[in-house]
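# Analysis of the macromolecular model
As a plain string of letters, each chain reads:
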Amino acid sequence: MSFPERTEHLTLPGVLSAEQAAQTVAGIAAIQRPDGAIPWFTGGHLDPWDHIEAAMALDAAGEHERADAAYRWLADRQNPDGSWYASYLYADGQDGEPGDRGRETNFCAYIAVGVWHHYLSTGDDAFLDRLWPTLYAAVEYVLALQLPGGQIAWKREDDGTFAPEALLTGSSSIYQALRCALAAADTREDPQPDWELAVGTLGHAVRHHPELFLDKDRYSMDWYYPVLGGVLRGAAAERRIDSGWDRFVVPGLGVRCVVPNPWVTGGESAELALALWAMGESDRAVQILADIQHLRADDGMYWTGYVFDDEAVWPAERTTWTAGAVLLAVAALGGDEATTAVFGGDRLPVGLEPDETGCC
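Residues numbered from 1 in each chain as written. Predicted model: local features only at pLDDT ≥ 70, side-chain atom pairs only at ≥ 80, totals over all residues. Heavy atoms only, no water.

## As for the sheet that holds strand β8 (residues 263–265)
- Taken in spatial order, the five strands line up as β6-β7-β8-β9-β10 in an open sheet, and their pairing is antiparallel. Only two strands of the sheet have a single partner each, and these edge strands are β6 (249–250) and β10 (312–313).
- Relative to β8, strand β7 (residues 254–256) runs antiparallel, the two sharing two bridges. Looking at β8, one finds that Val-255 is bridged to Thr-265. (Pairing = 2+ DSSP bridges. Helix = DSSP H or I, 4+ residues; strand = E, 2+ residues; numbered from the N terminus.)

And the structure:
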């Protein structure tokens, strides 16, 4: 399995050559199952968010049929209420049976990012029409859990109950997803004014009301996700990144997942690189990606993390979503049009903040 002719644009000096990128793409493709599912690794489980991240990397590499199969898997597995379960099992003898039956809102919303990215990658109107009912149902499921302050409750249990608790990372990711959903709606000339109001109140909550979210300040994702999700730009983004840089970034190794643990992770590092690129800090983004190449394995995949106090890879798994995040960061830095549109956000619709609508 070789994709070198499709990965010439996935090159970044000091980070990836075309041949290395092709090897990473082949690694993800080898784990994808015949039904389109992309588990974390062979014999591992699948969660919808990371499944989509890997599918987006396949699109960035020109593997559009494989990405399309990943979205067909989601359409076929969607629950009647528009959600997906938090995990599906693909160990020996299992064929995608639900694992965790909780239904996390950011997992469900992220299909809008993936669908819009695939559409921009392919220009396939038939795909957008086919996936629209799936995307629409997912967004409606998510917005049913929007709380009075604008934040989104993070999870509904299988019995239908949910705690009125929101995560900053999850809500920031949902903000990006809602803007992609609005872009898809605009393209189909199917306006969704309720979605515009929802994304506006959600953005306002993230920007101005940190007290509405559970305290997860120790986690690097809560630090950079308001930037990665497009809620913060300009001086506000710069202040946020600068405020946490010394806490989370380990020079030469990457980004901590959680402080004070001596553990850097590839996924968080690549996502930070995407956030840095989105705010115009390409040099720092490239340096972060170069720093995590010690996580690259001989097969072109990436170890999830590294405990630097012990000089040990941990856990002993090479995940499709880590590889996918690296490829997407390289694609953005390389100017891939679909990836820059989705993560840059300049061409995505912007919702109306509460004070602009006269509400709240």
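## As for the environment of Pro-315
- Relative to the assigned elements, Pro-315 resides in the loop between β10 and α13 (320–333).
- By relative accessible area, which is 16% here, Pro-315 ends up buried.
- Residues Pro-315 and Thr-304, spaced eleven residues apart in sequence, show a C-alpha to C-alpha distance of 6.5 Å.
- Apart from residues no more than four positions distant in its own chain, Pro-315 is found in contact with Trp-263, Trp-303, Thr-304 and Gly-305. (Buried < 20%, exposed > 50% of the residue type's maximum accessible area, 1.4 Å probe, protein only. Contact = heavy atoms within 4.5 Å.)

## So, the packing of aromatic side chains
- Taken as a whole and assessed by the stated rule, the structure comprises 14 aromatic pairs.
- Taking 5.8 Å as the distance between ring centres and 65° as the angle between the ring planes, the aromatic pair formed by Tyr-71 and Phe-127 counts as edge-to-face. Highlighted residues: Tyr-71 in helix α3 (residues 64–77) and Phe-127 in helix α6 (residues 125–143), separated in sequence by 56 residues.
- For Tyr-71, a relative accessible area of 0% corresponds to the buried category.
- Between Trp-223 and Phe-248, the aromatic rings sit 5.1 Å apart at their centres with planes inclined by 20°, giving stacked as the arrangement. With Trp-223 in helix α9 (residues 220–228) and Phe-248 in helix α10 (residues 234–248), this pair connects stretches of sequence that are 25 residues apart.
- Classification of Phe-248 by relative accessible area gives buried; the value is 1%.
- One aromatic cluster is present, formed by Trp-223, Tyr-224, Tyr-225, Trp-245 and Phe-248 through successive ring pairs.
- Its guanidinium or amino end placed over the ring of Tyr-85, Arg-101 lies 5.0 Å from that ring's centre, counting from NZ or CZ. (Phe/Tyr/Trp six-rings, centres within 6.5 Å; stacked < 30°, edge-to-face > 60°. Lys NZ or Arg CZ within 6 Å of the ring centre and 35° of its normal.)

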